[in-house]
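Chain by chain, the residues run as shown.
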Amino acid sequence: MRSHHDMGGLPAGRCERDEHDYEQWEKRVDALMMLLSGRKPDLMKVDELRRNIEALGPAAYDSMGYYERWMHAIAQTLIQRGVISIDELGRKLAELEARDGAA
Amino acid sequence: MARREAVPPRFAAGDRVRVRRADPPGHVRTPWYCRGRVGTIERLCGAFPNPEELAYNRSGLPAQPLYRVRFAATELWPDYREHPGDAVEIEIYQHWLEAAP
């Protein structure tokens, strides 16, 4: 079955050609990926990033932005590699949500 | 990368090849729309660790030859009529290709 991300050749509508600036957090996600994949031994590979992005369901894939997908895939890979624990990530997310007053 | 760790190339420029109609899980770089289609080897691009294996943090060795394969647009999309001479070139790893008559 065709995976949702593999949409080459399908009708896509108009292409957005405008330039745009990146948000600070987007630059940080990009830098994080470079730091994790550029060291030896690496902590993740770009192919692992892609596998975890491509594993997203259609609804999640379409609702997330480009760097949101990266962020999701980096977290998944670091859990799969044993670099971070699930509980560690959960606690840090809760800490940040409390700090920022998120729901 | 050491040459001995690469699979030898089976195809040369001008060879006709068919893309395997396979559907493995994980990270696959062979686009869906060219699977099962026939194209022509345009050139060999080198040999690279198999990204399908790298996606699971394995070595991807021996490296797989990677080819630029040229497809007629009408082979990929039979109802494509606007510019019948158009072609699409896709980079495809050797383990996805079979010799085509």
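Parameters at a glance
Within each chain, residue numbers correspond to sequence positions counted from 1 in written order. To read the labels, note that chains go from A and ligands from 1, taken in the order they are written. Only residues with pLDDT of 70 or above have their local features reported here, since the model is predicted, and side-chain atom pairs are shown and tallied only from 80 upward, although totals for entire chains, interfaces and linings are computed over all residues. When DSSP finds two or more bridges between a pair of strands, those strands are recorded as paired. A run of DSSP states H or I qualifies as a helix once it reaches four residues; a run of E qualifies as a strand once it reaches two. Both are numbered from the N-terminal end. Note on method: axes are straight lines fitted to C-alpha atoms, helices fitted across the in-contact stretch only, with angles between N-to-C directions ranging 0 to 180 degrees. Our exposure labels follow a C-beta count within 10 Å of each residue's own C-beta, placed from the backbone: buried means 20 or more other C-beta atoms, exposed means 12 or fewer, and partly exposed covers the counts in between. Any pair of residues counts as being in contact when their C-beta atoms, constructed from backbone geometry, are within 7 Å of one another. A residue's pLDDT is the predictor's confidence in that residue, given on a scale from 0 to 100.

A. Focus on the sheet that holds strand β1 (residues 16-19) of chain B. All names here are of chain B. Pairing is antiparallel in the open sheet, where five strands are placed in the order β4-β3-β2-β1-β5. Every other strand in the sheet has two partners, leaving β4 (87-93) and β5 (97-99) as the edge strands with one partner each. On average, each strand axis in the sheet is tilted by 45° relative to the strand beside it, whichever way the strands run. Strand direction decides the pairing type here: β1 and strand β2 (residues 38-48), joined by three bridges, are antiparallel. The residue of β2 that forms the bridge with R16 is T40.

B. Molecular detail of the pairing of strand β3 (residues 64-72) of chain B. Strand direction decides the pairing type here: β2(B) and β3(B), joined by seven bridges, are antiparallel. Among the inter-strand pairings, B:F48 is bridged to a residue of β3(B), identified as B:Q64.

C. View of the environment of B:L76. Mapping B:L76 onto the fold places it in helix α2 (residues 73-76). Judged by the 19 C-beta atoms lying within 10 Å of it, B:L76 falls in the partly exposed class. In the structure, B:L76 is positioned 38 residues away from B:V38 in sequence and 8.6 Å away in space, judged by C-alpha atoms. Once residues within four sequence positions are removed from consideration, B:L76 is found in contact with A:G9, B:Y33, B:C34, B:R37, B:F71 and B:V88.

D. Geometry of the confidence of the model for chain B. This prediction gives chain B a mean pLDDT of 95; 96% of its residues lie at or above 70. Here the predicted complex scores 0.91 on pTM and 0.90 on ipTM.

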